[in-house]
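# Analysis of the macromolecular model
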Amino acid sequence: MLNAAENKYITQVGPGTPMGNLFRRYWLPAMLASELPEPDCAPVKLRLLGEDLVAFRTTSGRIGVIDAYCPHRNANLYWGRNEDEGLRCVYHGWKFDTSGACVDMPNEPASSRYAEKVKQAAYQATERGGVIWVYMGPAELAPELPGLEWTVVPESHRMATKRIQACNYLQNLEGEIDSSHVSFLHRNFDRTSREGPAMDLDQHPVFFVKETDYGMAISARREDGTEKFYWRVTPFMLPSYTMIPGSIEGGMVFTSAIPMDDETMIGVTVSWRADRPLNDEEIAHVKAGMGPHVQTDAKFNPLRNKGNDYAIDRELQKASSFTGIKGVREQDMAVQEDQRGRVSDRTREHLGTTDLGVIAARRRLIKQARDLEKGIEPPQARNAAAYRVRSAAVTAVRAQPWEEAVKDVMVAQAVS
Amino acid sequence: MLNAAENKYITQVGPGTPMGNLFRRYWLPAMLASELPEPDCAPVKLRLLGEDLVAFRTTSGRIGVIDAYCPHRNANLYWGRNEDEGLRCVYHGWKFDTSGACVDMPNEPASSRYAEKVKQAAYQATERGGVIWVYMGPAELAPELPGLEWTVVPESHRMATKRIQACNYLQNLEGEIDSSHVSFLHRNFDRTSREGPAMDLDQHPVFFVKETDYGMAISARREDGTEKFYWRVTPFMLPSYTMIPGSIEGGMVFTSAIPMDDETMIGVTVSWRADRPLNDEEIAHVKAGMGPHVQTDAKFNPLRNKGNDYAIDRELQKASSFTGIKGVREQDMAVQEDQRGRVSDRTREHLGTTDLGVIAARRRLIKQARDLEKGIEPPQARNAAAYRVRSAAVTAVRAQPWEEAVKDVMVAQAVS
Amino acid sequence: MLNAAENKYITQVGPGTPMGNLFRRYWLPAMLASELPEPDCAPVKLRLLGEDLVAFRTTSGRIGVIDAYCPHRNANLYWGRNEDEGLRCVYHGWKFDTSGACVDMPNEPASSRYAEKVKQAAYQATERGGVIWVYMGPAELAPELPGLEWTVVPESHRMATKRIQACNYLQNLEGEIDSSHVSFLHRNFDRTSREGPAMDLDQHPVFFVKETDYGMAISARREDGTEKFYWRVTPFMLPSYTMIPGSIEGGMVFTSAIPMDDETMIGVTVSWRADRPLNDEEIAHVKAGMGPHVQTDAKFNPLRNKGNDYAIDRELQKASSFTGIKGVREQDMAVQEDQRGRVSDRTREHLGTTDLGVIAARRRLIKQARDLEKGIEPPQARNAAAYRVRSAAVTAVRAQPWEEAVKDVMVAQAVS
């Protein structure tokens, strides 16, 4: 559990908050590249860390992410005309480039130099791996993009999806790094189903945590019914990314929990294989919203959601599914979107042995934010190479230390 | 009228409030038994006195009503698996019985005794009269169920319905004990209609109030156009129950206003006859949502509600109905759900002679809550026999005191 | 820009606020006469300056606008029976006339004089020009109705429409008096279209402001490509009315921004010709919600609104429309309903030379409210004749002062 002050500290992410400031030190995967499909396409509303933004792709293909409201008289630039390397407000024609500079002010006399004095808040944004990344911190501290494997494989090898999830980012992050829940929440008693873990998975794994350059490796040891241990290692990459074994055979999954505000988050999820293109079946799997992906409407709101009880089927729950809810992601959302509300009240928790990773991750986030308050920048934010990591799921003889057993498989295979 | 402090005192019912504490001394009729139709059926969300709860019926048929959120990491137990005498959280498998004890904690090592230390808030609940009753007060003070007549008649003799009403409980309660409004709100100028009072009902009854063991008897005297008086006596049973003559011939109606929170309430309404089963016509009458009953959706939200103006028909209002709204209950809800909002502002009232019962009931509720603050328990809460009462509607010679005139008919005919 | 205190001062309009009090010195065009189509018709909910009211038309045709909630026990009089020169509450039958007097109290004894002591808040209301006007200030200060031209032309010469707009009144008012935005927001590159300004309209007009009896004349001078200037003069009539050249040839348009509360307003818009009846084409134009009018549902909520992105068509925006939004009014609403929210944050503005009129109007409103706080009544409120004004759009030789150039055309042609 956390006390009330800690819970507030770790969950509040708006402008000026310590945790919000920490997030502003990292590149945030916030949009799919397909949301801005072509030069001068329609601008898109984007909300990040409590700020209302508008994203656009310019004539030459640059990505702009700027404050949504025109500095003149607060008209929303979402209505704007995206034309000739800038976004033009429809109210009086002021135009901004991706740096936030006002490059045209047609309602002022030709001789006016007023435009030079007007500057719109603008954030660095770039596209990699089919995803648009946004950096909202001090420009002079902008790091390289993290060297994640999926960002450097060919486009054919990966697929990314996005959802909006109706809870604080931490509830999702905790679920992603907590592999102990897999034995329950995702359990499927129907052995012919492809979804869910093996039925005989050891239900009380023993957890170990190791601090790393990217954040921490969270390792769960399970009895395997043999002379060996079954180890599953989830990298928790700061600020809020994880990697898990993929629902695609031989593939891997990247997840992220990006705060829109205290009560809402964006989840960009990527499935990929390092070694070959995804095949038709795998592509269909992602498009169908299976595994860690999810079916959404055009605005990325999940079709099965709290409003419709995630289409829970109580007969199915009795017959073959632990939850009666179809879809691994929907199962996660059902528990995460209401843990005593959209911001969980962690003063009322009773944590157990399998929560070791969750506890460690919280401590790490709080420490990093406190360090930043003291002026200590988060080192991993500028260590792009540290993110060249994979998750692991291996069996090893009991005597072998887990760090050694997973060392090789946790290295990214594809490097730019 | 009440002053602002009194109005707040009497309407606020959340945890820790004096009025909430008073309600916690009584058994509250909160659900229909049919909401939990069989052992191990799906759990149901329940909100009472500002707390989010989940109700379930165990394998052996016991009713559980416990805090909705798992003490482990706040997952909502509504998603839970109801199996083998307990409700199991789908997140990590913790399981709770009806006492709130954690009876299984499968993600902890077999040797762990952690489960013994975890206790979920749980409330006593039981089924009687086709209704599920919940007691949310101190366990050691739990009284017997009130000896209401309808709870002891055979199932064939009664029918209960439930609705969620979008206002503070007191607005509904005041309407139930105020028989003077019947001459107006429910008036029907169409003499062939079965709904509404007689057209020639005296419009300015004189009120009398008598304190009783169950609360108070509120008596309205009307001129009858004869040598006699027409008396109508409504028992106001603490904390918020009433009884009125039934829309079913020879029957009686029980009503209740159970706070979900300050702005929402549950109304369980029961029609019954003490002496014989309800016949087909009477059953159809209740099922059609006639009289004090109402048509709702599957979640007990009335079909005609504020959002659709209760389907008011202004032509009907001109022609034959005082309100133009069909249904006695809908007429009540139309006025009760917006008396300057969902919590009425009683500082702006102008009470008259026919509000005597309303005034007395408020005073009684406030006094009882203040007594409880001083440590004086409400005596009627543990006087089950006091609730063996009926309402009365009699004519009597003018000289006869009303208490004497109604004495016999106000005694419950069926006693367990 | 305004500082935070000024912005609050000018936008807050609820009971007791200085700006609310200023609005209460003027007759407010709040409803269409057709909302109360006949004597004893159904009452209508009306919200003005933060108060919930109910409007009704009596048997003899008088308009009543009174507090929506019955003084007895706060039942909403909207459910009331409109009969025999008054509105009767359906709860207990209390009846009120247009003065707020309680003229019947049938639940009290015949001898009671309680009704004489009960007084419901009531506001003066009257019909003129197809519109219902409400005066919410001190009765003894009630002025004449403003002598607006369209209120005195025959019914056949005018058409009024109404909309509810989801923002503070000032955002709409600022748009109406800011003719500089016309060159942008309403621009249409399709020269065959009737909507939008001429394509070659000078985009940086020079503004001049002149204080007048009704408020101020806001004059915009544009280069005309000739030896002359093109002048467009918009009268800003206190508290929140304007007049613009009509989308109907030879006609004129009246607009108004009447606060319902801080975040919502009513806009009554009138198109008229002083000299002849509107023809079929012009009537169809208004009924279709063209120009400054708009298509709404039966409760005056615009069909194209923020919830559906005003049906923006991004292809149309690329091809021929500056916004891609159809309808001049919808274009205005798109920018006005979200200028950093429903109450714009004017501390973040960067005003330019074309905002001179906006700045002057704000100053005038604030000054007038401050004067009223000191006891100085707004003089124009009681100068009905001052409102006999028209807008102007004229060309004039450069040397001619604009006041002189527009003097004659700004005089109302029709006077009662």
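Values in this document were obtained by computation on a predicted structure and should not be read as measured data. (Residues numbered from 1 in each chain as written. Chains lettered and ligands numbered in written order. Predicted model: local features only at pLDDT ≥ 70, side-chain atom pairs only at ≥ 80, totals over all residues. Heavy atoms only, no water.)

## Looking at the sheet that holds strand 8 (residues 102-104) of chain B
Residues and elements named next belong to chain B. Taken together, the 4 strands give an open sheet; going across it, the order is 5-6-7-8, and neighbouring strands pair in antiparallel fashion. A strand with exactly one partner marks an edge of an open sheet, and here the two such strands are strand 5 (81-82) and strand 8. Two elements, strand 7 (residues 95-96) and strand 8, share 2 bridges in a ladder whose sense is antiparallel. Considered in strand 8, the bridge of K95 is made with D104. (Pairing = 2+ DSSP bridges. Helix = DSSP H or I, 4+ residues; strand = E, 2+ residues; numbered from the N terminus.)

## Focus on the interface of chain B and chain A
Contacts between chain B and chain A engage 30 residues on the former and 40 residues on the latter. It is R73, W79 and Y91 of chain B that lose the most area in chain B upon contact with chain A, and together they represent 27% of the buried surface on that side. Inspection of the region where chain B meets chain A yields 4 salt bridges. Residue R340 of chain A is joined to D67 of chain B by a salt bridge in which the shortest nitrogen-to-oxygen separation is 2.5 Å. (Contact = heavy atoms within 4.5 Å. Buried area = accessible area lost by both parts, 1.4 Å probe. Salt bridge = Lys/Arg side-chain N within 4 Å of Asp/Glu carboxyl O.)

## Focus: a positive patch on the surface
Residues K306 and R342 of chain A together with K45 and K299 of chain B make up a contiguous surface patch of positive charge. Take K306 of chain A: it is sitting in the loop between helix 4 (280-287) and helix 5 (314-319). (Patch = residues over 30% accessible without salt bridge, like charges linked within 9 Å, V, L, I, M, F, W, Y side chains within 5 Å. Areas by Shrake-Rupley, 256 points an atom, 1.4 Å probe, with all protein chains shown as cover. Lys, Arg positive; Asp, Glu negative; His and termini not counted. Charge placed at Lys NZ, Arg CZ, Asp CG, Glu CD.)

## Let's talk about the pairing of strand 12 (residues 206-211) of chain C
Residues and elements named next belong to chain C. Two strands pair when backbone bridges link them, and strand 12 and strand 13 (residues 215-223) are joined in this way by 6 bridges, in the antiparallel orientation. Pairing of V206 across the sheet is with R221, part of strand 13. Here strand 12 hands over to strand 13 after 3 residues, the two strands then running antiparallel side by side.

## Quick notes on helix 6 (residues 328-336) of chain B
Among the 9 residues in helix 6 of chain B, 9 count as buried, and that is most of the element. Looking at the buried residues of helix 6 of chain B, the elements they touch are strand 11 (158-165), helix 3 (169-177), strand 16 (252-256) and strand 18 (264-272) of chain B. (Buried < 20%, exposed > 50% of the residue type's maximum accessible area, 1.4 Å probe, protein only.)

## Concerning the environment of D200 of chain B
All names here are of chain B. The residue D200 is located in the loop between helix 3 and strand 12 (206-211) in this model. Overall, D200 belongs to the exposed group, its relative accessible area being 64%. Sequence separation between D200 and R187 is 13 residues, and the spatial gap between their C-alpha atoms is 9.9 Å.

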